[in-house]
Amino acid sequence: MANYDSNNIFAKILRDEIPSKRVLESNFALAFYDINPQAPVHVLVIPKGPYVSMADFSENASSEEIVDLWRAVGETAKKLGLVEGGYRILSNHSTHAHQEVFHLHIHILGGHPLGPMLEGGDVPPDGSWQRSA
Ligand code: AMP
């Protein structure tokens, strides 16, 4: 797993070295608007601790941090008024998921119908990636 780079863009947001439009802050998490929204509402929720991705976080974060992050995700969606209409959460880990920023972040997307869960991507047309049960 990649080492954590304390100069990544979200680490700078946490240190207030670059601006962000904040939605919610908890003891161990911060939510702010994505700079390049993919839906009418697109917010990122990040742990304050230095975790590269979900693989790192789920293995190394304390129970307190894990609970706090997921509560922050739910509270952020509620604060944004997304509960009734619905929303999608996703988190990209590493190459196949096209992770761009190597500080764990949970995307919250909503505000209109979001369509199928995944579109296109790098899936081979013959579906040969599918595993048999
Ligand atoms: P991912 O591909 O899951 O790593 O997504 C990274 C996300 O971070 C993208 O949706 C970007 O638009 C978003 N992003 C990059 N820089 C910033 C920034 N300075 N403030 C807010 N969001 C950002």
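This text gives an overview of the structure that appears in the document.

Attention now moves to the sheet that holds strand E3 (residues 41–47). As summarised here, the arrangement of the five strands in space is E1-E2-E3-E5-E4, forming an open sheet in which the pairing is antiparallel. Where the open sheet ends on each side, the last strands, each with one partner, are strand E1 (22–25) and strand E4 (87–90). Recorded for the sheet is a direction-independent mean angle of 20° between the axes of neighbouring strands. With five bridges connecting them, E3 and strand E5 (residues 106–110) associate as antiparallel partners. In the strand pairing of E5, histidine 42 is matched with leucine 109. Running over the sheet, helix H3 (residues 63–79) touches E1, strand E2 (29–33), E3, E4 and E5 and is turned about 160° from E3.

This part covers the site of the ligand. For the ligand, the set of nearby residues contains 16 residues, the closest of which are Asp34, Asn92, Glu100, His105 and His107. Note that a nitrogen atom of the ligand is positioned 3.1 Å from one of the backbone N or O atoms of isoleucine 35. Here an oxygen atom of the ligand and a backbone polar atom of glutamate 100 are 2.7 Å apart. Here the ligand has 510 Å² of accessible area as a free molecule, and 86% of this is covered by the chains. Among the elements of the structure, helix H1 (9–14) and E2 are those that each provide at least two residues to the shell around the ligand. For the shell around the ligand, the leading source of residues is H1, giving three residues.

Moving on, we get to the pattern of salt bridges. Evaluated as defined, the whole model comprises four salt bridges. Put simply, arginine 15 and glutamate 17 hold a salt bridge, and the shortest N to O gap is 2.7 Å. The shortest N-O distance in the salt bridge between glutamate 25 and arginine 22 comes to 3.4 Å. Look at the salt bridges and you will find they share partners, linking Asp16, Arg22, Glu25 and Lys48 into a network.

Below, the discussion takes up the environment of alanine 39. Here alanine 39 shows up in the loop between E2 and E3. Sequence spacing of alanine 39 and proline 113 is 74 residues, and the spatial spacing of their C-alpha atoms is 9.1 Å. Look past the residues within four positions of alanine 39 in its chain and what remains in contact with it is Leu109, Gly110, His112 and Leu114.

What counts, and where the lines are drawn
- Residues numbered from 1 in each chain as written.
- Predicted model: local features only at pLDDT ≥ 70, side-chain atom pairs only at ≥ 80, totals over all residues.
- Heavy atoms only, no water.
- Pairing = 2+ DSSP bridges.
- Helix = DSSP H or I, 4+ residues; strand = E, 2+ residues; numbered from the N terminus.
- Axes fitted to C-alpha atoms, helices over the stretch in contact; angles between N-to-C directions.
- Contact = heavy atoms within 4.5 Å.
- Near = heavy atom within 4 Å.
- Polar contact = N/O pair within 3.5 Å; in protein donor to acceptor, adjacent residues only side chain to side chain.
- Areas by Shrake-Rupley, 256 points an atom, 1.4 Å probe, with all protein chains shown as cover.
- Salt bridge = Lys/Arg side-chain N within 4 Å of Asp/Glu carboxyl O.

Structural measurements only, silent on function.
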